Amino acid sequence: MAWLSFGALVAVPVCAGFAGEDDQPMKKAPNRLKYEWLAGLLAWAAQLWMLKHLPADSYWVVILLLFSAMFLMPLSRRFWDAESHQAWRPEVELGCALLMAVSFIANSAVYVIPWLLIRSVAAFEAIRNCRKETLEDPAELPLLCARIFPAIGAAWLVAHRASWTPWGFDPLIVLLTAAHFHHAGFTLPLMAGLHAKVNPGCWTRFSCVAILLGVPLVAAGITCTHFGVLKLVEPLGVAILVMGALGVAASQIRRGLKKQHTIWSRLGFVISGASLVVAMVLALSFGIRYLIPNYALTMPQMWAIHGTLNAFGFGLCGILAWRGALTRSQRP
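Just so it is clear, the model here is predicted, and its values are computed rather than measured.

Looking at this structure, how should I read the overall build of the protein?
Within the protein, the secondary structure is distributed over 13 helices and zero strands. When the helices and strands of the protein are listed from N to C terminus, the series reads α-α-α-α-α-α-α-α-α-α-α-α-α. For the protein, the residues scored as buried account for 53% of the 332 residues in total. Excluding contacts between residues fewer than 6 apart, the proportion of contacts in the protein whose partners are at least 24 apart in sequence is 73%. Here the protein has roughly 14,800 Å² of accessible surface; of this, 70% comes from carbon and sulfur atoms.

This is the structure we're talking about:
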């Protein structure tokens, strides 16, 4: 992973140029950490070395999970409406994310509890501030879920660090569930909702509905497979989720072809959409492994390839592209 460590440090100035201009709207909030996303990236890069002692089968899963908490979530703060912003300062959230990393060094679940509280409060605020129209709007509902799902991931992470195995799941599955809700449970509904708000239509609404149906169906299917019942639920849930995700990927690529965006935003949208297509094809082949076993990747291959594509290709490039596109559209 040494090349990834070097890449993370090189990414600091690149991300600064890609997203720095977006800090303009935050000048009216001097009490907030202006470059919290940059501080989070530096903190995450440090974890690449600090957590090298972790077992090989969980190291990269933990690194991807921390990437979302320390970098992707701070980058996404400006996508929420002003009334739904968290009451705490950004450095408090970053501090809780750092404590979460400490839990893997000190081998204690206590350090994850602040992160669980932060995410639970964010989920509670999102639910409290939502209106009846939000629950009926295919664009607003995914944005609401993008603030709720990470709290579920935080709860699973507490269970993992406390060596709990809910329903007898393997500890690695518990960790993968926590990582999944910090990535697919966050960036996928986030970008589906953004597309539905900016470009409302049947295609974007379908993507939102399919994603919101697919996420719980996949969770239910994995549980059914674990207990040896209704094994068709998992491939069904994966197929629905993949269809919704492919809709988001198509919207990302289509937006990347529009000339009103900067070349950086266009490149980000295209890379994000293409990465999601590959990641979802791999997810589909893994989801139907009981029906067609010859085309599925192994579990380590899935989190190495599928997870990396979701985190860096789809998540990072997509969020940076949206930041640049929204900033350009807000200029007089």
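I would appreciate a short explanation of the environment of D170 in the present structure.
Along the polypeptide, D170 turns up in the loop between helix 7 (140–161) and helix 8 (171–183). A relative accessible area of 45% means that D170 is categorised as partly exposed. Along the sequence, D170 and H226 sit 56 residues apart, while their C-alpha atoms lie 10.0 Å from each other.

Would you explain the pattern of salt bridges in this entry?
Close approach of charged atoms lets side chains of opposite charge pair. On inspection of all chains with the given rule, the structure shows four salt bridges. Between E36 and R77 there is a salt bridge, with its nearest N and O atoms 3.8 Å apart. Here E36 is found in helix 2 (residues 36–50), whereas its partner R77 is found in the loop between helix 3 (56–75) and helix 4 (90–106), with 41 residues between them in sequence. Take R77: its relative accessible area is 7%, and that puts it in the buried class.

Please clarify how the packing of aromatic side chains should be interpreted in this entry.
A ring pair, where both rings are aromatic, is described by two values, the distance of the centres and the angle of the planes. In this structure the tally under the stated criterion is eleven aromatic pairs. With a centroid separation of 5.4 Å and 90° between ring planes, the pair formed by F269 and W322 is classed as edge-to-face. With F269 in helix 12 (residues 263–287) and W322 in helix 13 (residues 299–330), the pair connects residues that are 53 residues apart, well separated along the chain. W322 shares its class with F269; the two are buried.

Explain a nonpolar patch on the surface to me, please; I cannot follow it from the model alone.
Together, L99, V102, V110, Y111, I113 and L117 give the surface a local cluster of nonpolar side chains, amounting to about 480 Å² of exposed area. Secondary structure elements with two or more residues in the nonpolar patch: helix 4 and helix 5 (113–129). Relative to the elements of secondary structure, Y111 occurs in the loop between helix 4 and helix 5. Residue classification places Y111 among the partly exposed positions, given a relative accessible area of 32%.

Help me out: how do you make sense of the packing of helix 3 against helix 4 in this one?
The axes of two packed helices give the description: the angle between them and the distance between them. For the pair helix 3 and helix 4, the least separation of the axes is 9 Å and the interaxial angle reads 170°. In terms of their interaxial angle, helix 3 and helix 4 are classed as roughly antiparallel. Where helix 3 abuts helix 4, its residues V62, L65, L66, A69, M70 and M73 lie against E93, L94, A97, L98, M100, A101 and F104. Looking at the contact of helix 3 with helix 4 residue by residue, the classes come out as twelve nonpolar, no polar and one charged.

Mind showing me how you'd approach the nonpolar core here?
Across soluble globular proteins, nonpolar side chains show a tendency to be buried alongside one another. Formed by 85 residues in total, the largest nonpolar core has its most connected members in W44, F67 and L190. The element best represented in this core is helix 3, accounting for 15 residues. Dropping the residues within four chain positions of it, L190 is found in contact with S76, F79, W80, L143, A146 and I319.

Is there a simple way to explain the environment of L175 in this structure?
Within the fold, L175 resides in helix 8. Taking the relative accessible area as the measure of exposure, L175 reaches 0% and is therefore buried. As a C-alpha pair, L175 and A159 span 16 residues in sequence and 8.7 Å in three-dimensional space. Setting aside residues no more than four positions away along its own chain, L175 makes contact with S58, V61, V62, L65, F104, L157 and H160.

Quick question: what am I supposed to make of helix 8 here?
Since the α-helix packs 3.6 residues into each turn, any two residues three or four apart lie on the same face. In a regular helix each residue adds 1.5 Å, so 13 residues correspond to 18 Å; helix 8 covers 19 Å between its end C-alpha atoms and thus fits that length. In terms of burial, helix 8 is largely enclosed, as ten of its 13 residues are buried. Along helix 8, the positions that sit buried rather than exposed are L172, V174, L175, L176, T177, A178, A179, F181, H182 and H183. Its side-chain oxygen at 2.8 Å from the backbone nitrogen of L172, D170 defines the N-terminal cap of helix 8.

Please clarify how helix 2 should be interpreted in this entry.
Over its 15 residues, helix 2 runs 21 Å from end to end, which matches the ideal 21 Å to within 8%, given 1.5 Å per residue. Buried residues of helix 2: E36, W37, G40, L41, A43, W44, A45, Q47 and L48, and no others.

When you look at the packing of helix 2 against helix 4 in this model, what are you seeing that I'm missing?
Running from amino to carboxyl end, helix 2 crosses helix 4 at an angle of 5°, the nearest separation of the two axes being 10 Å. In terms of their interaxial angle, helix 2 and helix 4 are classed as roughly parallel. On helix 4, the residues that touch E36, A39, G40, A43, Q47 and M50 of helix 2 are P90, L94, L98, A101 and I105. Across the contact of helix 2 with helix 4, the residue classes break down as eight nonpolar, two polar and one charged.

Rules used throughout
Residues numbered from 1 in each chain as written. Predicted model: local features only at pLDDT ≥ 70, side-chain atom pairs only at ≥ 80, totals over all residues. Heavy atoms only, no water. Helix = DSSP H or I, 4+ residues; strand = E, 2+ residues; numbered from the N terminus. Buried < 20%, exposed > 50% of the residue type's maximum accessible area, 1.4 Å probe, protein only. Contact = heavy atoms within 4.5 Å. Areas by Shrake-Rupley, 256 points an atom, 1.4 Å probe, with all protein chains shown as cover. Salt bridge = Lys/Arg side-chain N within 4 Å of Asp/Glu carboxyl O. Phe/Tyr/Trp six-rings, centres within 6.5 Å; stacked < 30°, edge-to-face > 60°. Patch = residues over 30% accessible without salt bridge, like charges linked within 9 Å, V, L, I, M, F, W, Y side chains within 5 Å. Axes fitted to C-alpha atoms, helices over the stretch in contact; angles between N-to-C directions. Parallel < 35°, antiparallel > 145°, perpendicular 65-115°, else oblique. Nonpolar A, V, L, I, M, F, W, Y, C, P; charged D, E, K, R; others polar. Core = buried A, V, L, I, M, F, W, Y, C linked by side-chain atoms within 4.5 Å. Expected span 1.5 Å × (residues − 1). Polar contact = N/O pair within 3.5 Å; in protein donor to acceptor, adjacent residues only side chain to side chain.

Geometric values such as these leave the question of function open.
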